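A look at the structure
Read off the chains here:
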Number of protein chains: 2
Amino acid sequence: METKEISQAVIGRLPRYLRYLGDLKDDGVERVSSQELSELMNVTASQIRQDFNNFGGFGQQGYGYNVEYLYEEISKILGLDHRHNFIIIGAGNLGRALGNYLNFERRGFIFKGMFDKNPKLVGDDVRGVKVMSIDGLEEFLQENDIDIAVLTIPKTSAVDIVNVLVDNGIRAIWNFAHVDLNVPEGILVENVHLSDSLMKLSYNINCKEQRSE
Amino acid sequence: METKEISQAVIGRLPRYLRYLGDLKDDGVERVSSQELSELMNVTASQIRQDFNNFGGFGQQGYGYNVEYLYEEISKILGLDHRHNFIIIGAGNLGRALGNYLNFERRGFIFKGMFDKNPKLVGDDVRGVKVMSIDGLEEFLQENDIDIAVLTIPKTSAVDIVNVLVDNGIRAIWNFAHVDLNVPEGILVENVHLSDSLMKLSYNINCKEQRSE
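Residues numbered from 1 in each chain as written. Chains lettered and ligands numbered in written order. Predicted model: local features only at pLDDT ≥ 70, side-chain atom pairs only at ≥ 80, totals over all residues.

1. Concerning the interface of chain B and chain A
- Facing 45 residues of chain B, the contacting portion of chain A comprises 45 residues.
- Listed by contribution, the elements that provide at least two residues to the side of chain B that touches chain A are helix H1 (8–26), helix H5 (93–99), helix H6 (102–106), strand S8 (172–175), strand S9 (188–191) and helix H9 (194–212) of chain B.
- It is H9(B) that provides the largest number of residues to the side of chain B that touches chain A, a total of 15 residues.
- For the side of chain B that touches chain A, the residue count by class is 22 nonpolar, 15 polar and eight charged. (Contact = placed C-beta atoms within 7 Å. Helix = DSSP H or I, 4+ residues; strand = E, 2+ residues; numbered from the N terminus. Nonpolar A, V, L, I, M, F, W, Y, C, P; charged D, E, K, R; others polar.)

2. Topic: the pairing of strand S8 (residues 172–175) of chain A
Residues and elements named next belong to chain A.
- Here S8 shows a buried face lined by Ala172 and Trp174 and a second buried face lined by Ile173 and Asn175.
- Two elements, strand S7 (residues 148–151) and S8, share four bridges in a ladder whose sense is parallel. Within the sheet, the bridge partner assigned to valine 150 lies in S8 and is tryptophan 174.
- Taken together, S7, helix H8 (residues 155–167) and S8 form a β-α-β motif whose crossover is right-handed.
- Here S8 runs beside strand S9 (residues 188–191); their pairing, made up of four bridges, is parallel. Within the sheet, the bridge partner assigned to tryptophan 174 lies in S9 and is glutamate 190. (Buried ≥ 20, exposed ≤ 12 C-beta atoms within 10 Å, placed from the backbone. Pairing = 2+ DSSP bridges. Right-handed = clockwise from strand over helix to strand, strands pointing away.)

3. What to know about the domain arrangement of chain A
- Under the domain assignment used here, chain A contains domain 1 (8–77) and domain 2 (85–196).
- For domain 1 of chain A and domain 2 of chain A, the distance between their C-alpha centres works out to 32 Å. (Domains from an automatic or database assignment.)

4. Section: the environment of B:Glu139
- Along the chain, B:Glu139 turns up in helix H7 (residues 137–143).
- Residues B:Glu139 and B:Arg107, spaced 32 residues apart in sequence, show a C-alpha to C-alpha distance of 27 Å.

Given below as structure tokens:
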């Protein structure tokens, strides 16, 4: 499959398609047209067809899409048919929230370890995983096959930890620390900057207030 | 100020500018050129100038930007010079993580209340705010001036709660529930779909593996 030229914007929309298709599947719907999907998802049917054409179109437009097939194909494109082992660095509330999120496991993301530098948190149980000391991170990475590290620690610690992660084979980082990480080429980083999202909301509130004055 | 035609893509980049300018300010830097900012932030200088031109340009390019001034102006554009009171619906780990995040308060987001339907959590203290029963939400909203509701509850509950929120004057929702909310026109919603972000990472891992095979 040729996937190199697909824009991150298209990729960013695939999980949303998957979510709606999952709901349709749960409701027992077997076929859906781009028009029906368009109304459900509040995007144009032409956008949907364009997005799907990046991956060969997924079947004949006139007959609608087979929901189950489309769901499976998009899952595969997203790599959800592979298992991905992940660890969480930071055993605070955010780390625990992510560790407890069962939905990740259903998507093939397997929670394998949790680390913190605070000795008081070491030994805590988060969904069957014991919090370990950050001092044991390097050894753990060498002995286990971990794909993804989730960073839920302050930005100053994040910068140091990234080096340990990269030196020990981590290829993908899901970063919640409020900093842009410098990583070697080939290491994937997906940022979730929560403050940025809140500020975007604040901008739009402010903008609306000015318009209504 | 004319703000109507500015794209959400530009708005989405402003918090990142603010983050870098805040660091420069903390380091005592007084002026910065678009070229220097470009190298720091790993975006083109032309992108920076284009983004800033949406707001009048913020000063003369040849002399560089005044860091303090630029920081303050972008803060104002983002509405961070206003106070925004917020409540959190859902006193689980994610809700607690957001309630405990002090940085929000520094940006003018004031944590005013937290609600949960689980009676065992009612009365818990999260950074000085006592968790209240969801049954008291309506009365609380009528008696307090709340701008933003943060939803950290499952998608089935989120749909019902949104009606209560909207009927009682909430104008902005920061939504972490894994569902697209149906809200009346004029109500702002900013979604943080964590699974979607993780799947995007998974896609890129998968894609890289295929290329290296």
